[in-house]
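Next come the chains, spelled out residue by residue.
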Amino acid sequence: MSALTELYKEIAVCHKCDIARFRTKAVPGEGAENADIMFIGEAPGYHEDQQGRPFVGPAGKFLDDLLASIHLRRQQVYITNVIKTRPPNNRDPLPIEIANCRPWLDRQLELIHPRMIVTLGRYSMAMFFPGKSISKIHGTVQKQDGVLYFAMYHPAAALHQQSLRQAIQADMLKIPALLAEAKNMAEVKPEPVPQPQLQAQQLKML
Ligand code: URA
């Protein structure tokens, strides 16, 4: 069994938060284990809770369309959420729930090791761009430790608001070039040490 599948089993029985009592299914995340890009949303909604899969309701349909606009299918990427259990009545996740769920996300990041992380909405943005405002930073990128972080509006918010819809569509179109850059960054090998310098270093070690 893969490490990711083991992780899903652990998440399925996690009861750190009270809201676990009300869920139908935990929603760990899904996609390619070797995905170069990871999308992180907020929390499962009704449909996700029913199916145990992320972004399968109306916001998910829109996310699929956005992915298709850059010729990606969800099987080629990894999709998850900040919290893995649906909050009752789709209320916002509480700080304690986000903190309790954080180790699951950290494990997913360790196992998948994406080159690029796309935050969808304010909650996942706050994890990687603390103190920033989404209206200011959406569509912008931040590099850290060889990973590109890119902030976008949440597809659910953009579903009904025309200006946000255009913004999220435009931001999505920036991803292919950034992803190519992220993969390139990862592949850049250290400059070879010039021979005379290498010999001098070897002599020093003697
Ligand atoms: N909204 C989210 O943030 N995540 C989902 O999985 C579905 C809707």
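As a reminder, the structure under discussion sits directly above these lines.
Now for a description of the structure that goes with this document. Every chain's residues receive numbers from 1 upward, in the order its sequence appears when written. It should be noted that, the model being predicted, local features are given only for residues of pLDDT at least 70 and side-chain atom pairs only at 80 or more, the latter also being counted only at that level, while totals for whole chains, interfaces and linings use all residues. The basis for every side-chain value is the complete set of heavy atoms in the structure, and neither hydrogens nor water enter the calculation.

## Digging into the sheet that holds strand β2 (residues 37–41)
Turning to step 1, where the next piece is worked out: For two strands to be treated as a pair, DSSP must find at least two bridges joining them. Under the scheme used here, helices are H or I runs from DSSP no shorter than 4 residues and strands are E runs no shorter than 2 residues, and both carry numbers assigned from the N terminus. Strand order in this open sheet of six strands is β1-β3-β2-β4-β6-β5, and the pairing throughout is mixed. With one partner strand each, in any of the chains shown, β1 (30–31) and β5 (141–144) form the two edges of the open sheet.
Turning to step 2, where the next piece is worked out: Relative to strand β3 (residues 78–81), β1 runs antiparallel, the two sharing two bridges. Residue pairing across strands places Glu30 opposite Ile79, the latter belonging to β3.

## What about the packing of helix α3 (residues 58–69) against helix α8 (residues 162–173)?
Turning to step 1, where the next piece is worked out: Note on method: axes are straight lines fitted to C-alpha atoms, helices fitted across the in-contact stretch only, with angles between N-to-C directions ranging 0 to 180 degrees. At a minimum axis distance of 9 Å, the contact between α3 and α8 shows a crossing angle of 40°. Our classification of the angle between α3 and α8 gives oblique. Relative to α8, α3 is oriented so that their crossing is right-handed. Two secondary-structure elements touch here, α3 through Phe62, Leu66, Leu67 and Ser69 and α8 through Arg165, Ile168, Gln169, Met172 and Leu173.
Turning to step 2, where the next piece is worked out: Taken together, the residues of the contact of α3 with α8 break down into six nonpolar, two polar and one charged. Reported orientations rely on four angle classes, namely roughly parallel under 35 degrees, roughly antiparallel over 145, roughly perpendicular from 65 to 115, and oblique for the rest. Helix crossings are classified by the rotation of the near helix relative to the far one: an anticlockwise turn of less than a right angle makes the crossing left-handed, while a clockwise turn makes it right-handed. Two residues form a contact once any of their heavy atoms are found within 4.5 Å. Polar here means any residue outside two lists: the nonpolar Ala, Val, Leu, Ile, Met, Phe, Trp, Tyr, Cys and Pro, and the charged Asp, Glu, Lys and Arg; Gly therefore counts as polar.

## Focus: helix α1 (residues 3–12)
Turning to step 1, where the next piece is worked out: Under the scheme applied here, a residue whose accessible area is under 20% of the maximum for its type counts as buried, over 50% as exposed, and between as partly exposed, the area being computed with a 1.4 Å probe on protein chains only. Looking only at α1, the buried set comprises Leu4, Leu7 and Ile11. The buried residues of α1 occupy one face: seen down the axis, they fall within an arc of 55°.
Turning to step 2, where the next piece is worked out: Here the buried face of α1 lies against β3 and α4 (95–112). Each direction from the helix axis to a C-beta atom contributes to the arc, which is the arc of those directions.

Read these as layout, nothing more, since geometry by itself doesn't imply function.
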